[in-house]
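Breakdown of the fold
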Amino acid sequence: MTDAIDDYLLALHRTRASGGSVRERGHYGALQNLLNNLGATLKPKVHCISELANAGAGSPDFGLFTAPQLVFDTNEGVRAIRPPDRGVVEAKSPDTAIERVEASEQVTQYWERYRLVLVTNFRSFLVVGEDEVGRRKTRERFDLAPDESSFWSLAAAPSRLPADIRLRFREFLHRLLLQNATLTQPRDVALILASLARDCRARLEAAAAEDKARSRQPNLLEPGGRASPLIDRLDDVRETLESALGIRFDTERGMHFFWSTLVQTLFYGIFSGWVIWARQPVPRDKRGTFSPLRVAWMLRLRVIRALFEQVYRPGALEGLGIGDVLDWACDVLHRVDDTAFFSRFREDHAVQYFYEPFLEAYDPDLRRELGVWYTPPEVVDYMVARVDWALRSQLGIERGLADPRVHVLDPCCGTGSFFLAILDRIHKTLLAEGEGDLAGSMVKRAAIERIHGFEIMPAPLVVAHLQVALALEHLYRAPLNVSDGHSNRPDEFPSILLTNALTGLDERSGISPRLPLPELEDDGYFAGRVKREEQIWVVIGNPPYNGFAGVDVTPEEKSLTDPWRQVRAVRPPEGRGLNDPYARFWRMAERRIAERTGFGVVCLITN
Ligand SMILES: C[S@@+](CC[C@H](N)C(=O)[O-])C[C@H]1O[C@@H](n2cnc3c(N)ncnc32)[C@H](O)[C@@H]1O
């Protein structure tokens, strides 16, 4: 695709330099090639066709079609048999302001007929579509350069196009060609949102780099010594995450991890808020408009609400430059056909349907680097059944996991697959015991009081909370109580907490300093109680086999495996492997069960 963008810019430059065709027609070929090159990489392929037949309302410059709309005719070549399903294109010459083209009578006519128009002057691009109730709305905009003369300098030397702009342009065109695709498949929604998320991360990273460069110039320092609005705004979030998780984001890779985590969290947050919004048992027109601002309160998660409120604090978004991208993400969700979508989206399987395709498309390298792999459901179900059996037959606990004395910890719960399987097992036992309608609320109590999950990454944590909230509501008919601000009943939260499972295990860890985001402090407080006070009978899960690149392991965490290093004569290979993170999780589990509770079950996957 790098080449397609370069080819596009160079072709425009050459046409202009030739002095021949300077009006828009001379540039049509370059635009058509660009859209066709990119369209060829999609499934189904998208074709950019000129000379629309039967165009009626005047003729737009191009139509964007998927293959089923086209036939091949030996006389006429490729011919459209239906209207363009991915919209039409109206292009005017680069010396025309994009706003003028957008406001033109022609574009209004095309919009009335096709409902989706890409408006361009070859250097700026606008997508004119519809809002959720069918009114005209400019959905997305992209500018290759701030003005015409800088655009022509760029076209003469496309290699000067900064990497982040190139990436964002590619993502923009990609989404453009997917506009109007009926969104019914969770996977397609995940792929479009991942494209917006990459755009968002590119903006944040570019803004941060600019910030850094500016703060190196002391003359630009504002009174008070803080040069950077961006750093100012996100310092609280960063500092709080660093303290809550006991890790530092100070290397370059650590910062990439921070941005990536922040963006993922925002996108999973929007997606989860939308699922909750769309699942409300009231007709769509009575639900009110869904917007990122509403996400903060729709999410029943203090931690995520806190992150959202930081990003959405008045004034924060302008500095970050990501407000419009988050709005576009909401536009994408408005286009989802919820009936078809939810017929394919099972509440307890959001991971396979959404989280994994999103992460794979958003940041495959990060996924590999961090070892973010999710445990196959068959393995999870087997391990949970095995633990239940061991409790009953080897420890004499007749009701197994359903016994209210059994406290369970998944120290690396990811998107909550073990947590959900444990709830399912408890529910089955309760039904078999004849609890009937009461079983659901007993499962809910277990989720709040005695099944605990720890997770270090906010993004899977959001998904875990979403899955558990949906399962309680729809599978067990025992929704969590979320106060509406009027009732006195407190909010209920499943015990899935944002924390580093391997730090703060010691009584001496003491009280942590006050953090800028008190909601995160709450999670730290509850996690501290589980780590230091709770009698855990079962430790179960799938710890990571890779360390967090760019994130330092604290001395406390490092020293966890010290007792296993005391053996004097260790023949290779027995002494090896203690630095792998899973070994630290084992040691933590051993401390909990063997040295603290005195009995219980450890069931962890190792490499
Ligand atoms: C291999 S995944 C398994 C996730 C989960 N069992 C599932 O199937 O969804 C390991 C998870 O551990 C998390 N993790 C890694 N180090 C951690 C730590 N020190 N404390 C808590 N969670 C951690 C990772 O973010 C990742 O989500």
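Data block above holds the structure.
Heads up: these notes are all about the structure in this document. Bear in mind that the values here come from a model prediction, so they are computed numbers and not experimental data. (Residues numbered from 1 in each chain as written. Predicted model: local features only at pLDDT ≥ 70, side-chain atom pairs only at ≥ 80, totals over all residues. Heavy atoms only, no water.)

**Focus: the site of the ligand**
Going by this rule: Whether a residue is near a molecule or strand depends on its heavy atoms: if one lies within 4 Å, it is near. Any N or O atom pair separated by 3.5 Å or less is treated as a polar contact, with the protein-specific requirement of one donor-capable and one acceptor-capable atom, and with residues adjacent in sequence counted only for side-chain atom pairs. Using a 1.4 Å probe, the Shrake-Rupley method yields the accessible areas, and only the shown protein chains count as cover for residues. Residues are grouped as follows: Ala, Val, Leu, Ile, Met, Phe, Trp, Tyr, Cys and Pro are nonpolar; Asp, Glu, Lys and Arg are charged; all remaining types, including Gly, are polar.
If you check the shell around the ligand, you find 21 residues, and the closest are Tyr374, Thr375, Ser417, Glu455 and Asn500. Serine 417 is positioned such that a nitrogen or oxygen atom in its side chain is 2.8 Å from an oxygen atom of the ligand. Isoleucine 456 has a polar backbone atom sitting 3.3 Å from a nitrogen atom of the ligand. Protein chains shield 97% of the accessible area of the ligand, which is 600 Å² for the free molecule. Residues belonging to the shell around the ligand are distributed by class as follows: 12 nonpolar, 8 polar and 1 charged.

**A short note on the nonpolar core**
Test applied: The term nonpolar core refers to a set of buried residues drawn from Ala, Val, Leu, Ile, Met, Phe, Trp, Tyr and Cys, joined through side-chain atoms within 4.5 Å. For each residue, the accessible area found with a 1.4 Å probe, counting protein chains only, is set against the maximum for its type, and the residue is called buried under 20%, exposed over 50%, and partly exposed in between. Any two residues whose heavy atoms approach within 4.5 Å at even a single point are treated as in contact.
Residues Tyr8, Leu193, Phe267, Trp274, Phe358 and Ile540 are the most contacted members of the largest nonpolar core, which totals 140 residues. In contact with phenylalanine 358, not counting residues within four places along its chain, are Ala190, Leu193, Ala194, Ala197, Gln264, Phe267 and Tyr268. Of all hydrophobic cores here, the second largest spans 17 residues; its members include Phe454, Leu560, Phe585 and Leu604.

**Examining the side chain of serine 93**
Quick note on the threshold: Secondary structure elements follow DSSP: runs of H or I of four or more residues count as helices, runs of E of two or more count as strands, with numbering from the N terminus.
Relative to the assigned elements, serine 93 resides in the loop between strand E5 (88-91) and helix H3 (98-102). At a separation of 2.3 Å, a polar atom in the side chain of serine 93 contacts the side chain of aspartate 95.

**Considerations on the environment of arginine 450**
Secondary-structure assignment places arginine 450 in the loop between helix H19 (438-449) and strand E10 (451-455). Given the relative accessible area of 6%, arginine 450 is considered buried. Distance from arginine 450 to isoleucine 536, taken between C-alpha atoms, is 8.8 Å for residues 86 residues apart in sequence. With residues near it in sequence (within four places) discarded, arginine 450 still touches Leu401, Ala402, Asp403, Pro404, Val406, His407, Val408, Ile426 and Arg445. Among the polar contacts listed, one links the side chain of arginine 450 to the backbone oxygen of aspartate 403, at a separation of 3.2 Å.

**Description of the pattern of salt bridges**
To keep things clear, this is the line we draw: We define a salt bridge as a side-chain nitrogen of Lys or Arg found within 4 Å of a carboxyl oxygen belonging to Asp or Glu.
Applying the stated criterion across every chain yields a total of 25 salt bridges. Note that arginine 141 and glutamate 99 form a salt bridge whose closest N and O atoms lie 3.1 Å from each other. Of the two residues, arginine 141 sits in strand E8 (residues 136-143) while glutamate 99 sits in helix H3, which places them 42 residues apart along the sequence. Since its relative accessible area comes to 31%, arginine 141 is described here as partly exposed. A relative accessible area of 43% means that glutamate 99 is categorised as partly exposed.

**Structural notes on the pairing of strand E2 (residues 62-66)**
Here is the rule: Two strands qualify as a pair provided that DSSP identifies no fewer than 2 bridges between them.
The buried fraction of E2 is high, at 5 of 5 residues. A two-sided burial pattern is seen for E2, the buried positions comprising Phe62, Leu64 and Thr66 on one face and Gly63 and Phe65 on the other. Where E2 lies against E5, 2 bridges are found, and the strand directions are antiparallel. Paired with glycine 63 across the strands is valine 88, a residue of E5.

**Side note on the sheet that holds E5**
Just so we agree on the cut-off: Think of each axis as a best-fit line through the C-alpha atoms, taken over the contacting stretch in the case of a helix, with angles from 0 to 180 degrees between the N-to-C directions.
Read across the open sheet, the 6 strands follow the order E1-E2-E5-E6-E7-E8; overall the sheet is mixed. One side of each edge strand has no neighbouring strand; the edge strands of this open sheet are strand E1 (46-50) and E8. Each strand axis lies, on average, 25° off the axis of its neighbour in the sheet, ignoring direction. Packed on one face of the sheet, helix H6 (residues 163-178) meets E1, E2, strand E6 (117-120), strand E7 (124-130) and E8 and runs near 150° to E8.

**A word on the sheet that holds E10**
Sheet architecture is open: 5 strands sit in the order E11-E10-E9-E12-E13, paired in parallel fashion. Lying at the two open borders of the sheet, with one neighbouring strand each, are strand E11 (496-498) and strand E13 (601-604). Sheet twist, expressed as the average angle between the axes of neighbouring strands with direction ignored, equals 20°. Here strand E9 (residues 408-410) runs beside strand E12 (residues 538-541); their pairing, made up of 2 bridges, is parallel. Counted as the bridge partner of valine 408 is valine 538 from E12.

**A word on helix H18 (residues 417-432)**
For an α-helix, the turn length of 3.6 residues means that residues three or four places apart are oriented alike. Stated precisely, the cut-off is as follows: For a helix, the expected span equals 1.5 Å multiplied by the number of residues minus one.
With 16 residues, H18 should reach 22 Å at 1.5 Å per residue; the first-to-last C-alpha distance of 23 Å fits that figure. Restricting attention to buried positions, one finds in H18 the residues Phe418, Phe419, Leu420, Ala421, Ile422, Leu423, Ile426, His427, Thr429 and Leu430.

**A short note on the environment of leucine 420**
In this fold, leucine 420 is placed in helix H18. Residue leucine 420 is classed as buried on the basis of its relative accessible area, which comes to 10%. In the structure, leucine 420 is positioned 52 residues away from leucine 472 in sequence and 9.7 Å away in space, judged by C-alpha atoms.

**So, helix H17 (residues 377-394)**
The terminal C-alpha atoms of H17, which comprises 18 residues, lie 25 Å apart, in line with the 26 Å expected from a rise of 1.5 Å per residue. Buried residues in H17 make contact with H18, E12 and E13. One or two residues past the end of H17 sits glycine 396, with phi positive at roughly 70°.

**Here we look at the packing of aromatic side chains**
Within a pair of aromatic rings, the relevant descriptors are the distance that separates the centres and the angle that separates the planes. Note the cut-off: We call Phe, Tyr and Trp rings a pair once their centres come within 6.5 Å, taking the six-membered ring for Trp, and we label the pair stacked below 30 degrees between planes, edge-to-face above 60, and tilted otherwise. In this scheme, Lys NZ or Arg CZ marks a charge over a ring once it lies within 6 Å of the ring centre and within 35 degrees of the ring normal.
One pass over the full model with this rule turns up 12 aromatic pairs. In this structure an aromatic cluster arises from ring pairing among Phe125, Phe142, Phe169 and Phe172. One cation-aromatic arrangement involves arginine 201 over tyrosine 362; the distance from NZ or CZ to the ring centre is 4.7 Å. The ring of phenylalanine 454 carries lysine 531 above its face, with NZ or CZ at 5.6 Å from the centroid.

**Quick word on the packing of H18 against H19**
Rule in force here: Each helix crossing is assigned a hand: it is left-handed if the near helix lies turned anticlockwise from the far helix by less than a right angle, otherwise right-handed if that turn is clockwise.
The N-to-C vectors of H18 and H19 enclose an angle of 145°; their axes lie 9 Å apart at closest approach. Crossing geometry of H18 relative to H19 is assigned as right-handed. Across the interface between the two elements, Phe419, Leu423, Ile426, His427, Leu430 and Leu431 from H18 touch Ala439, Gly440, Met442, Val443, Ala446 and Ala447 from H19. Per-class residue counts for the contact of H18 with H19 are 10 nonpolar, 2 polar and no charged.

So far we have only geometry, and geometry alone does not tell us how the molecule works.
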